[in-house]
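Take a look at the letters that make up each chain.
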Amino acid sequence: MTIKNALLSLLVLFSFQLAIQAQQTNIWKDGHLTFVTKTLVDSEGDEDETDYDAGNDDVGINMEIIKSSELSRRYKDLEYSSSQGCLDMELELKSKGGTFLDGYKSYYSVCYDKEYKEYILNAVIYREDKKKYYDIALYCYTITVEEGLNVLKSIKFLD
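The present account deals with the structure reproduced in this document.

**Some details on the state of the cysteines**
- This structure, assessed with the given rule, holds one disulfide.
- Paired through a disulfide, Cys86 and Cys111 show a sulfur-sulfur distance of 1.8 Å. As the torsion about the S-S bond is roughly -70°, the Cys86-Cys111 disulfide counts as left-handed. With Cys86 in helix α2 (residues 78-88) and Cys111 in strand β6 (residues 105-113), this residue pair connects regions lying 25 residues apart in the sequence.
- The class of Cys86 is buried, set by a relative accessible area of 0%.
- Accessibility expressed as a relative area gives 0% for Cys111, which makes it buried.
- Free cysteine Cys140: the closest other cysteine sulfur is in Cys111, separated by 9.9 Å.
- A relative accessible area of 4% places Cys140 in the buried class.

Shown next, in the form of C-alpha cells:
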C-alpha cells in the first residue's frame, strides 16, 4: 500500500467515524429549548406552546409544559413526580435516577415497558425563573439508558 492510499484510507475512516458520532440539535421553538440526538427527530407538526411529540427510529420524546399555577401538588417533589410518572404510564419503575440538568431543579427515573421491551426515561425539570415544569418522557428505542440520559443532559433553554 502506498503512502497516498494509506492516507486516503485514514481520511475515509476518519470521515466515517465523524459521521457515526455526529450529533443533531433539535429545536422546540414554542417550548424555547433545544436538545441533542444522534439524528434529527421529526415532530410532524405535533408541537405547540405546551406540548411536543417527536421521534425517529432511535428515540421518541414527549414533553409538556405545566405552569406552576396549573399543577397538582405532585410536582412539588420532582423525585416523586418522576417515579410516579412511570406508574401513571403503566410501566415498571426500574430505578430512581437523580438530577441531570445543571442550573435547574431536575430529576429522572428509569421506566421499563415490558410489552415493547424498551426503556423510558421519565423526567421533570422546574424552571423557577419562568415558574414552569417540563414533564418529559424519553423513549429509548435503540439507544441505551446512558445515551438517553445524555439527551436529557443536552437540554438547553433559549430564554
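Picking up after the structure, the text goes on.
**Things to note about the sheet that holds strand β9 (residues 156-157)**
- Sheet architecture is open: three strands sit in the order β1-β2-β9, paired in antiparallel fashion. Across the chains shown, the open sheet's two edge strands, defined by having one partner strand only, are β1 (24-28) and β9.
- Where β1 meets strand β2 (residues 33-37), five bridges bridge the pair, whose relative direction is antiparallel. In the sheet register, Thr25 faces β2, and the bridge partner there is Val36.

**Considerations on α2**
- Looking at α2, one finds that the buried residues are Leu78, Ser81, Ser82, Ser83, Gln84, Gly85 and Cys86.
- Elements that come into contact with the buried residues of α2 comprise β5 (92-98), β6, β7 (118-127) and β8 (132-140).
- Measuring from the side-chain oxygen of the N-cap residue of α2 to the backbone nitrogen of Glu79 gives 3.2 Å; that N-cap residue is Asp77.
- Positive phi shows up at Glu90, right after α2, with a value of about 60°.

**So, the sheet that holds β8**
- Here we have six strands laid out as an open sheet, ordered β3-β4-β8-β7-β6-β5, and antiparallel in their pairing. Each end of this open sheet is capped by a strand with a single partner; those strands are β3 (51-55) and β5. When strand polarity is set aside, the average angle formed by the axes of neighbouring strands in this sheet is 15°.
- Pairing of β6 with β7 involves nine bridges; the strand directions are antiparallel. Across the sheet, residue Cys111 finds its bridge partner in β7, namely Ile120.
- Helix α3 (residues 145-153) contacts β6, β7 and β8 of the sheet and is inclined by roughly 20° relative to β7.

Conventions adopted
- Residues numbered from 1 in each chain as written.
- Predicted model: local features only at pLDDT ≥ 70, side-chain atom pairs only at ≥ 80, totals over all residues.
- Heavy atoms only, no water.
- Disulfide = S-S within 2.5 Å.
- Helix = DSSP H or I, 4+ residues; strand = E, 2+ residues; numbered from the N terminus.
- Buried < 20%, exposed > 50% of the residue type's maximum accessible area, 1.4 Å probe, protein only.
- Pairing = 2+ DSSP bridges.
- Contact = heavy atoms within 4.5 Å.
- Polar contact = N/O pair within 3.5 Å; in protein donor to acceptor, adjacent residues only side chain to side chain.
- Axes fitted to C-alpha atoms, helices over the stretch in contact; angles between N-to-C directions.

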